[in-house]
Amino acid sequence: GGSEPSLPTAATVTPVRKEIQNRLSVSGPVSGTDSVDVVSNLHAEVLEIPVKEGDKVTKGQILAVLDDTDLKKEVAMAKNDYDLAVSTCAEQDRDARNGYAKAVQDLKTAQDNYNRTKVLYDSGDVPLVDLETAENEQNVYALYANMASAMQAAMGGASGMIFSTLFAGKAA
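Source: prediction; values computed, not measured.

Colleague: Mind showing me how you'd approach the pattern of salt bridges here?
Modeller: Pairing is possible between side chains that carry opposite charge, provided their charged atoms lie close to one another. For the coordinates displayed, the defined rule picks out 5 salt bridges. The closest approach of N and O atoms between K72 and D68, which form a salt bridge, is 3.6 Å. One salt bridge in this structure joins D83 and K79, with 3.0 Å as the shortest N-O distance. In this pair, D83 and K79 are both assigned in helix α1 (residues 69-122), 4 residues apart and thus about one turn of the helix distant. When its relative accessible area of 34% is taken as the criterion, D83 is described as partly exposed.

Colleague: Quick question: what am I supposed to make of a nonpolar patch on the surface here?
Modeller: Together, L42, L71 and V75 make up an exposed nonpolar region whose accessible area comes to about 260 Å². Considering the arrangement of structural elements, one finds L42 in the segment before β1 (46-48).

Colleague: Sorry, what's going on with the nonpolar core here?
Modeller: If you look at the biggest cluster of nonpolar residues, it comprises 5 residues: A103, L107, A142, A145 and A148. When contributions to this core are tallied by element, the ones reaching two or more residues are α1 and α2 (128-155). It is α2 that provides the largest number of residues to this core, a total of 3 residues. Leaving out residues up to four positions away in the same chain, A103 has contacts with Y144, A145 and A148.

Rules of the game
- Residues numbered from 1 in each chain as written.
- Predicted model: local features only at pLDDT ≥ 70, side-chain atom pairs only at ≥ 80, totals over all residues.
- Heavy atoms only, no water.
- Salt bridge = Lys/Arg side-chain N within 4 Å of Asp/Glu carboxyl O.
- Helix = DSSP H or I, 4+ residues; strand = E, 2+ residues; numbered from the N terminus.
- Buried < 20%, exposed > 50% of the residue type's maximum accessible area, 1.4 Å probe, protein only.
- Patch = residues over 30% accessible without salt bridge, like charges linked within 9 Å, V, L, I, M, F, W, Y side chains within 5 Å.
- Areas by Shrake-Rupley, 256 points an atom, 1.4 Å probe, with all protein chains shown as cover.
- Core = buried A, V, L, I, M, F, W, Y, C linked by side-chain atoms within 4.5 Å.
- Contact = heavy atoms within 4.5 Å.

Below is the structure:
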């Protein structure tokens, strides 16, 4: 017999539109992917930490307050050191200016002495050795005055040291 095989039967439903909600509930710690360790190079006592671990923070928000007593002392000491250095520099500048003025005065005295000795030598009242001694003294003080002038220029910010004569005469 040739009867046809029977087809399986299935139950059908009419489709209806609905919202499907899947929910998953878990518990445990949550951590972000980015974290930053905040450290200080200052050795100071922490006076206050106004945030707790896990608090949301914003840019510029205070995270910790440190005791700045030692830092203020260090700043005061640094200011005193600076003030002393400025004072010392001013004193050295004054001394250099006074040294220059003295060198110029000593040179003038040596020039006057040379001129007097030259007049005396020309009139035959002193030997040549006295004139040469006066000339050498004048040359030494001229060099001293030139060095003082160069040092003063260098301290005043001039670039390079230039030596020039302060009087006319013979180079020795």
